[in-house]
Every structure is written in C-alpha cells, then in structure tokens.
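# Structural characterization, general
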Amino acid sequence: MSDKIERVKTLIIGSGPAGYTAAIYAARADLKPVMYTGMEPGGQLTTTTEVDNFPGYPEGIDGPTMMVQLQQQAERFGTEVRIGMITSVEFSKEKGGIHKVVADNDKEIEAETVIISTGASAKYLNLPSEQRLRCGGVSACAVCDGFFYKGQDVAIVGAGDTAAEEASYLANICNKVTMLVRRDEMRASKAMQHRVNSIKNIEVRYNTEVDEVLGEQVVEGLRMVNNQTGEKEEIAITGLFIAIGHKPNTDIFKGQLDMDEKGYLITKGKSTKTNLPGVFASGDAQDKEYRQAVTAAGTGCMAALDAERYLASIGSVEEAVADKY
Ligand SMILES: Cc1cc2nc3c(=O)[nH]c(=O)nc-3n(C[C@H](O)[C@H](O)[C@H](O)COP(=O)(O)OP(=O)(O)OC[C@H]3O[C@@H](n4cnc5c(N)ncnc54)[C@H](O)[C@@H]3O)c2cc1C
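Reading the values: rules and limits
- Residues numbered from 1 in each chain as written.
- Predicted model: local features only at pLDDT ≥ 70, side-chain atom pairs only at ≥ 80, totals over all residues.
- Heavy atoms only, no water.
- Helix = DSSP H or I, 4+ residues; strand = E, 2+ residues; numbered from the N terminus.
- Polar contact = N/O pair within 3.5 Å; in protein donor to acceptor, adjacent residues only side chain to side chain.
- Contact = heavy atoms within 4.5 Å.
- Buried < 20%, exposed > 50% of the residue type's maximum accessible area, 1.4 Å probe, protein only.
- Pairing = 2+ DSSP bridges.
- Right-handed = clockwise from strand over helix to strand, strands pointing away.
- Phe/Tyr/Trp six-rings, centres within 6.5 Å; stacked < 30°, edge-to-face > 60°.
- Lys NZ or Arg CZ within 6 Å of the ring centre and 35° of its normal.
- Salt bridge = Lys/Arg side-chain N within 4 Å of Asp/Glu carboxyl O.

## Looking at the side chain of glutamate 112
Relative to the elements of secondary structure, glutamate 112 occurs in strand 8 (residues 107–116). Within the structure, glutamate 112 has its side chain in polar contact with the side chain of serine 316 (distance 2.4 Å). Ignoring any residue separated from it by four or fewer positions in sequence, one finds glutamate 112 in contact with Val8, Lys9, Gly97, Ile98, His99, Gly278, Tyr310, Leu311 and Ser316.

Spelled out as structure tokens, the structure:
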C-alpha cells in the first residue's frame, strides 16, 4: 500500500455512459472528478457495433467511437480518467464523512463524494461460437439491436419475464422468433407466458438449448439440441438474442450499500442517493428496468447534481456552484 493518501472531491467508479455523463457535469461544476474506468473502459457499448438510438447521432454511431467521444467531452472540462479498478471501499456512515477507497489493491483514496456507475454485465451462454459472433448477430439487448433484424428470422434464449418481454418486442419487428426454453416450462409470470403464447410469429421450443451458432462472420443459423432426446435441428436465422439475465457489478459494495436480491443498488425516491450520505448510484448498477445508454446517461447527470448539492450542504462547495450547469 502506498503511503501518501490522495483526497478527491468526487470519485467516479466506472466509465460507461453513466460515469462519463456524471463526469461531464461534475467537471463543469468544478468538482474536479477523478474517474476509474474499470476493466472495460467505455463500458458495455464498446461490445457493440451500431448504436442507433442515442439522441444526437442522426446517422447512428458505433459504440466504441461514441464512448471515446464521451471520454473526450469529460476530459475537456478537466475530468481525470484513470485506467484501473476500485478494489475495495469503506464508506463513511456520517454526513460529511470521508469515504475510503482502494484502487488496484494498492492506492488509497479519500473521497468526499462517490458516484457509482459500475454498470451490469449481460450473461452469455459462453459457447465459443456465440462469443465469436458477438459483434456479428449475437446480442444481449433486443431493444437495442432488434431493429437491425426487421423482417428477418431470429431466435431468443431465455425463459424469464425479460426473455418473454424481449420475445414479444422482437415479434413486432421480425418475421419469426424462435424462443428456446431450457426446461419444460417458462419461469416468466403466467401473464407473460400467455402473451408469448398468443403471438403467432413466436414459436416456443421447450427442453431446447443452443448447440452451436452457425456462421463465420455473421449469424446464419442455429443448431438446437433437445436436452431430453438429444435430437439436433438446424434453423436459419440472422440474429440470436441472449436473454438469460444480467449481473450488476456491485459485489464490492455488499454489506455497505442497500441492494435488492439480485445486487442492484437501491436509490432513494427519484434521486441517485444511496443509503449512505455522499454516495450516489447511477446507470445499470441501479436500474434493472430500462438498461439503456440514454437512461444511464440521465442518471449519471442526476448523480453529479446530487453530489454537488450534497457538497454544498456540507459546506465543501459554494451553493452558487449549482448555477454553473
Ligand atoms: C451488446 C449490447 C448492445 C447494446 N446496445 C445498446 C444500444 O444500441 N442503445 C442503448 O441505449 N443501449 C445499448 N445497450 C445497453 C447499454 O450499453 C447500457 O445500458 C449502458 O452501457 C449502461 O451504462 P452504465 O454507464 O450504467 O454502465 P456500463 O456501460 O455497464 O459500464 C460500466 C463501467 O463500470 C466499470 N466498472 C465496473 N466495476 C468497476 C470497478 N470495480 N472499478 C472501476 N470501474 C468499474 C466498467 O469497466 C465499465 O466501464 C447495449 C448493451 C449491450 C450489452
């Protein structure tokens, strides 16, 4: 552990749309934010190609480029972006208390406010063919990528409420949706099951799993296997959607911050305040409902405003700073 302890006004953990938006607002308010990017600088959008639904890009933009631009915008106002992980935290329970944080198991930092924007990770099946085609037709976000498969045949893997909802969403856009359910029934609520079963262009295959995603550069088909009989079958599809859940990246906050049973951080009312003063949560780490770049960015903005107001309330910045937004 290094001897000299650094003190920062606002520490931002995570570099997705939530983190960078928080950084833009915090830097413009002179909170001199320091950001730790984590293992995935730029966040989830760096794993996708075309982003078509973020406002301000009439022609769409590829995810990695968009995240570089967000970084540049945050740096333009003085955000210090550091490649590294926050590996442990010891949050103060007192208003005005100092939060102790360790980066890369080595560097101690004291922060007056902390903005958490550590996101969530989509779960994948982890088949080699699925991983190889993640930028070629395999997606973990139907709302984000469904449009690219308009009028085409696709498949979706999953059996919960989210999978059922995404299958219904895809059925509106695509020609046919084959839904693969591992067990002999869905986990989704009865209402969602009913909805799926009533949509004519959704075919549900029970006891069925992905054997291999077919295609070299892009998805061209799917080999399915019936886990009861071992029988294999190939279908032609252009898109495969994985809807088997997300894991919020919040393990290091366990025991200190309130979270739900899945690990999503709980925020108070319409704010980004957590149960601890001076600690704010934004983006997918606290949102299991919408999980979009623009909603993550929106809560990143809120977190910076909440942090600034908190700092003003403890006399660490002038009230007038709020006027700078
Ligand atoms: C394949 C795919 C395609 C998508 N397409 C779209 C789309 O077209 N439009 C759209 O609106 N949304 C899309 N989404 C959803 C969108 O990417 C997310 O909603 C958004 O990125 C969430 O932003 P975030 O800032 O909360 O977190 P994330 O983007 O998840 O970023 C989290 C950040 O936290 C960092 N981190 C985690 N733990 C630590 C730690 N301990 N220390 C430091 N840093 C840490 C990570 O390195 C990462 O930088 C897509 C998602 C996927 C997976």
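## Things to note about the pairing of strand 12 (residues 176–180)
Judged by how many residues are buried, strand 12 sits mostly within the fold: four of five residues are covered. Pairing between strand 11 (residues 153–157) and strand 12: five bridges, direction parallel. Looking across to strand 12, one finds that isoleucine 156 is bridged to methionine 179. Between the parallel pair strand 11 and strand 12, the chain is carried across by helix 5 (residues 161–173), and the sense of this crossover is right-handed. Sheet topology note: the strand 12/strand 13 (residues 202–205) ladder contains four bridges and is parallel. Bridge assignment links methionine 179 to a residue of strand 13, and that residue is valine 204. Of the crossover connections in this fold, the one passing from strand 12 over helix 6 (residues 190–198) to the parallel strand 13 is right-handed.

## Here's the deal with the packing of aromatic side chains
Taken as a whole, this structure holds five aromatic pairs when the rule is applied. Residues phenylalanine 147 and phenylalanine 148 carry aromatic rings whose centres are separated by 6.4 Å and whose planes lie at 70° to one another, so their mutual orientation is edge-to-face. Aromatic side chains tyrosine 149 and phenylalanine 241 sit 5.6 Å apart centroid to centroid with 90° between the ring planes, which places their arrangement in the edge-to-face category. Pair noted here: tyrosine 149 is in the loop between helix 4 (142–145) and strand 11 and phenylalanine 241 is in strand 17 (residues 239–242), with a separation of 92 residues, a long-range link. Overall, phenylalanine 241 belongs to the buried group, its relative accessible area being 1%. A cation over a ring is seen here: arginine 28 above phenylalanine 77, with NZ or CZ 5.3 Å from the ring centre. Positioned over the ring face of tyrosine 124 is arginine 134, at 4.0 Å from the centre of the ring.

## Side note on the pattern of salt bridges
As enumerated under the stated definition, the model contains 16 salt bridges in all. Across the salt bridge formed by arginine 205 and glutamate 203, the nearest N and O atoms sit 2.8 Å from each other. Judged by relative accessible area, which is 28%, glutamate 203 ranks as partly exposed. For aspartate 211, the salt bridge goes to lysine 232, with nearest N and O atoms at 3.4 Å. Pair noted here: aspartate 211 is in strand 14 (residues 208–214) and lysine 232 is in strand 16 (residues 232–236), with a separation of 21 residues, a long-range link. Looking at aspartate 211, the relative accessible area reads 25%, which means it is partly exposed. Here the salt bridges do not stand alone but share partners, grouping Asp211, Glu212, Arg223, Lys232 and Glu234 into one network.

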